[in-house]
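Secondary and tertiary structure notes
Listed below, chain by chain, are the residues.
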Amino acid sequence: MNDHQDVALPQVPDMKHVLDLLGDLEQRLAEWHQWQQDNDQLVEQMGQRSEAIEARQSQIDNGESECNGRQQLLDDACAE
């Protein structure tokens, strides 16, 4: 009876394959970092545009109120 059993040894990964995978990972991380920077810039631009739109809307609302007040004065003057 043979007490020695065949044990499968793990294969040593091919170093070139490992380096290729590492290079791929580094490239993907660099792309992800660039995407993150681009995304941050877009978020900042959207915030600035939103603020500009809100400011413009406030100007429009003020102008509309002023026009309505003048219209009311004209209507009152014409009614007299």
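Look a little higher up for the structure.
A brief report on the enclosed structure follows. (Residues numbered from 1 in each chain as written. Predicted model: local features only at pLDDT ≥ 70, side-chain atom pairs only at ≥ 80, totals over all residues. Heavy atoms only, no water.)

1. Quick word on the overall build of the protein
Inclusion rule: Here a strand is any run of E in DSSP of at least two residues, a helix any run of H or I of at least four, and the numbering for each starts at the N terminus. We compute the radius of gyration over the C-alpha atoms and compare it with the globule rule, which gives 2.2 Å times the number of residues raised to the power 0.38. Between buried and exposed lies partly exposed: a residue is buried under 20% and exposed over 50% of the maximum accessible area for its type, with that area taken using a 1.4 Å probe on protein chains only. A 1.4 Å probe and the Shrake-Rupley method give the accessible areas. Residues count as covered only by the protein chains that appear here. Counting rule applied: Lys, Arg positive; Asp, Glu negative; His and chain ends not counted. A charge is said to be at NZ when it belongs to Lys, at CZ for Arg, at CG for Asp and at CD for Glu.
A count of helices and strands for the protein gives 1 helix and 0 strands. In terms of overall dimensions, the protein is more spread out than a globule: its C-alpha atoms have a radius of gyration of 35 Å, far above the 12 Å expected for 80 residues. Every one of the 80 residues in the protein was classed for burial, and the buried ones make up 0%. Accessible area of the protein: about 8,000 Å², with a carbon and sulfur share of 55%. On the protein, the mean spot of the 5 positive side-chain charges and the mean spot of the 18 negative ones are 8 Å from each other.

2. Here we look at the pattern of salt bridges
Using the following cut-off: Any Lys or Arg side-chain nitrogen found within 4 Å of a carboxyl oxygen on Asp or Glu counts as a salt bridge.
For the coordinates displayed, the defined rule picks out 3 salt bridges. Here Asp20 and Lys16 are joined by a salt bridge, their closest N and O atoms 3.2 Å apart. Note that Asp20 and Lys16 are positioned in helix H1 (residues 15-79) at a spacing of 4 residues, about one turn of the helix. Judged by its relative accessible area of 43%, Asp20 is partly exposed. Between Arg28 and Asp24 there is a salt bridge, and its shortest N-O distance comes to 3.0 Å.

3. Focus on the state of the cysteines
Put simply, the rule reads: Whenever a pair of cysteine sulfur atoms sits within 2.5 Å, that pair is classed as a disulfide.
Counted by the stated rule, this structure contains 0 disulfides. Left unpaired, Cys67 is separated from the closest cysteine sulfur, that of Cys78, by 16 Å.

4. Describing a nonpolar patch on the surface
Which entries qualify depends on this criterion: Two distance rules govern patches: like charges are joined within 9 Å, and nonpolar side chains (Val, Leu, Ile, Met, Phe, Trp, Tyr) within 5 Å, applied only to residues with over 30% relative accessible area and no salt bridge.
The grouping of Met15, Val18, Leu19, Leu22, Leu25, Leu29, Trp32 and Trp35 at the surface amounts to a nonpolar patch, some 840 Å² of accessible area in total. Residue position: Leu22 is located in helix H1. Judged by relative accessible area, Leu22 falls into the partly exposed class, the value being 41%.

5. Some remarks on the environment of Gln72
Note that Gln72 resides in helix H1. Given the relative accessible area of 44%, Gln72 is considered partly exposed. For the pair Gln72 and Ile53, spaced 19 residues apart in sequence, the C-alpha to C-alpha distance is 28 Å.

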